[in-house]
Amino acid sequence: MLTIGFIGAGQMAQAMVKGWQKREEIHQVVYAPTAEKQVASELGIQVVDTPAKVWEQADMVVLAMKPQDLQTVADELRLVRMQKPEVIIVSVLAGGTLKELHQVLGERLVIARAVSNINVALRYGYTGLAFDQYVDASTRGAIAMLFLELGKTDEYPEQKLSVVSALAGSGPAFVAAFVKSYQAVGQQLGLTEDQAQVIALQTLTGTGINMTETPLSATQLANLAIAAGVSTNAGYSYLTQGQLEEVLSGAVSATMDKNEQGDIS
Ligand SMILES: NC(=O)C1=CN([C@@H]2O[C@H](COP(=O)(O)OP(=O)(O)OC[C@H]3O[C@@H](n4cnc5c(N)ncnc54)[C@H](OP(=O)(O)O)[C@@H]3O)[C@@H](O)[C@H]2O)C=CC1
Ligand SMILES: O=C(O)[C@@H]1CCC=N1
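If you check an unreviewed UniProt entry, the protein chain appears there as Pyrroline-5-carboxylate reductase from Weissella halotolerans DSM 20190. In its Subcellular location (unreviewed entry) section, the UniProt entry covering the protein chain states "Cytoplasm". UniProt annotates the protein chain under Function (unreviewed entry) with the comment "Catalyzes the reduction of 1-pyrroline-5-carboxylate (PCA) to L-proline."

This is the structure we're talking about:
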């Protein structure tokens, strides 16, 4: 039995718990300072009342609170970090480099970063992993295997994680914004809310599956829909020659800027 402990039980932790809950050989335990009882009843997993109790039980501790709470958590873990230094720490914090995490938690601890997204709840997540020299190959492999249970995962040099965080970590919100606009346009043109929602979601899901299950690139798939090059092409040209990429680039840059301002010390 592998025990995964979460410090923080918000949106991200809950999504991971749900994803891993499907594996019987994984036991999970969480700590959240104020939402303990609610989380326990919603997730049906063990909840403890201090971060130290999470650490004592866990083989792997997932740091899943906000970056600004890291120092408080590190202080609460001071004793157990010395008593049980073999615990593997995985930080899902969007900010906070491995170097900063080591400075706060301890130089010799095994720490990995996992930039993930809420789709892990359904095991359709994407996780970018980064390790430093303190993490051996078998531990890297074991962590990667765990995240593979939650969707796709790749290892990156740490400096790429800020891009991965903006594209994948924040990505569900951006894709949802696209669906919302698609739906709004349908409604403006006379469809009911339900009709517009079904069309937006089915088109998004179907297109995603189509591109996942065939070797088609995005341009090739678009060309299939454009077919005779009459009506779809008018709209496609408007989107691709318009400002879609610029708008997305602006959204990703704003996200990365904000993450870089995050201070964990
Ligand atoms: N949401 C997302 O899609 C993603 C989030 N992340 C990262 O995950 C982390 C958590 O984000 P998210 O789940 O959205 O945030 P939430 O606000 O949903 O959850 C934060 C959690 O931290 C707990 N908490 C607050 N103070 C402390 C403390 N002193 N010690 C321990 N736990 C504490 C809160 O407990 P309580 O409610 O009881 O106060 C809550 O359970 C962030 O660092 C974020 O960057 C990364 C990728 C995606
Ligand atoms: O908004 C946030 O801070 C986190 C980081 C990635 C997704 N959500």
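Peer 1: Outline the overall build of the protein chain, supporting the account with residue identities and numerical values.
Peer 2: Looking only at helices and strands, the protein chain features 13 helices and 8 strands. Here the C-alpha coordinates of the protein chain stretch approximately 70 × 40 × 30 Å along the principal axes. Of all 265 residues assigned to the protein chain, the portion counted as buried reaches 39%. Within the protein chain, counting contacts between residues at least 6 apart in sequence, those at least 24 apart form 62% of the total. Of the roughly 14,900 Å² that the protein chain leaves accessible, carbon and sulfur atoms contribute 56%. Between the averaged position of the 18 positive side-chain charges in the protein chain and that of its 27 negative side-chain charges there is a distance of 2 Å.

Peer 1: Before we move on, can you summarise the site of ligand 2 with the specific residues and values?
Peer 2: Ligand 2 sits among Ala94, Gly169 and Ser170. Taking 250 Å² as the accessible area of ligand 2 by itself, protein coverage stands at 42%. Using a 2 Å cut-off from the grid points, one finds that ligand 2 occupies the second largest pocket.

Peer 1: Can you lay out the packing of helix 1 (residues 11-20) against helix 2 (residues 36-43) for me, pointing to particular residues and giving the numbers?
Peer 2: At a minimum axis separation of 11 Å, helix 1 and helix 2 run at an interaxial angle of 25°. When the axes of helix 1 and helix 2 are compared, the pair comes out roughly parallel. Note on packing geometry: the crossing formed by helix 1 with helix 2 is right-handed. Residues Gln14, Val17 and Lys18 of helix 1 lie in contact with helix 2, whose contacting residues are Val39, Glu42 and Leu43. Among the residues making up the contact of helix 1 with helix 2, the classes are represented as 3 nonpolar, 1 polar and 2 charged.

Criteria and cut-off values
Sequence order as written defines residue numbering, which begins from 1 separately in each chain. Whichever chain is written first becomes A and whichever ligand is written first becomes 1, with later ones labelled in order. With pLDDT at 70 or above as the cut-off, local features in this predicted model cover only qualifying residues; side-chain atom pairs require 80 or more to be listed or tallied, and sums for whole chains, interfaces and linings still use all residues. To get the side-chain values, all heavy atoms of the structure are used, and hydrogens and water are removed first. UniProt positions are given in the numbering used here, feature names are shortened, and annotations may be inferred rather than shown by experiment. Here a helix means four or more residues in a row that DSSP labels H or I, a strand means two or more in a row labelled E, and each is numbered from the N terminus. Think of it in three bands: residues with accessible area under 20% of the maximum for their type are buried, residues over 50% are exposed, and the middle band is partly exposed, with areas taken using a 1.4 Å probe on protein chains only. Residues count as neighbours in contact if any of their non-hydrogen atoms are within 4.5 Å of one another. The protein chains shown are the only cover counted for residues, whose accessible areas, like all others here, come from Shrake-Rupley with a 1.4 Å probe. When charges are counted, Lys and Arg are positive and Asp and Glu negative, with His and the chain ends excluded. The atoms used to mark charge sites are NZ of Lys, CZ of Arg, CG of Asp and CD of Glu. Here, proximity means that at least one heavy atom of the residue falls within 4 Å of the molecule or strand. Of the two site types, the cavity is a set of points on a 1 Å grid over the protein atoms alone where a 1.4 Å probe fits but cannot get out, and the pocket is an open set with protein on both sides within 12 Å along at least five of seven lines, each lined by residues with an atom within 4 Å of a point. Being in a pocket or cavity means that more than half of the molecule's atoms lie within 2 Å of its grid points. Helix axes are fitted to C-alpha atoms over the stretch in contact, other axes to C-alpha atoms as well, and angles between N-to-C directions run from 0 to 180 degrees. Convention used here: angles under 35 degrees read as roughly parallel, angles over 145 as roughly antiparallel, angles from 65 to 115 as roughly perpendicular, and any remaining angle as oblique. Handedness of a helix crossing follows the sense of rotation of the near helix relative to the far helix, less than a right angle counterclockwise being left-handed and clockwise being right-handed. Think of it as three bins: nonpolar holds Ala, Val, Leu, Ile, Met, Phe, Trp, Tyr, Cys and Pro, charged holds Asp, Glu, Lys and Arg, and polar takes everything else, Gly as well.

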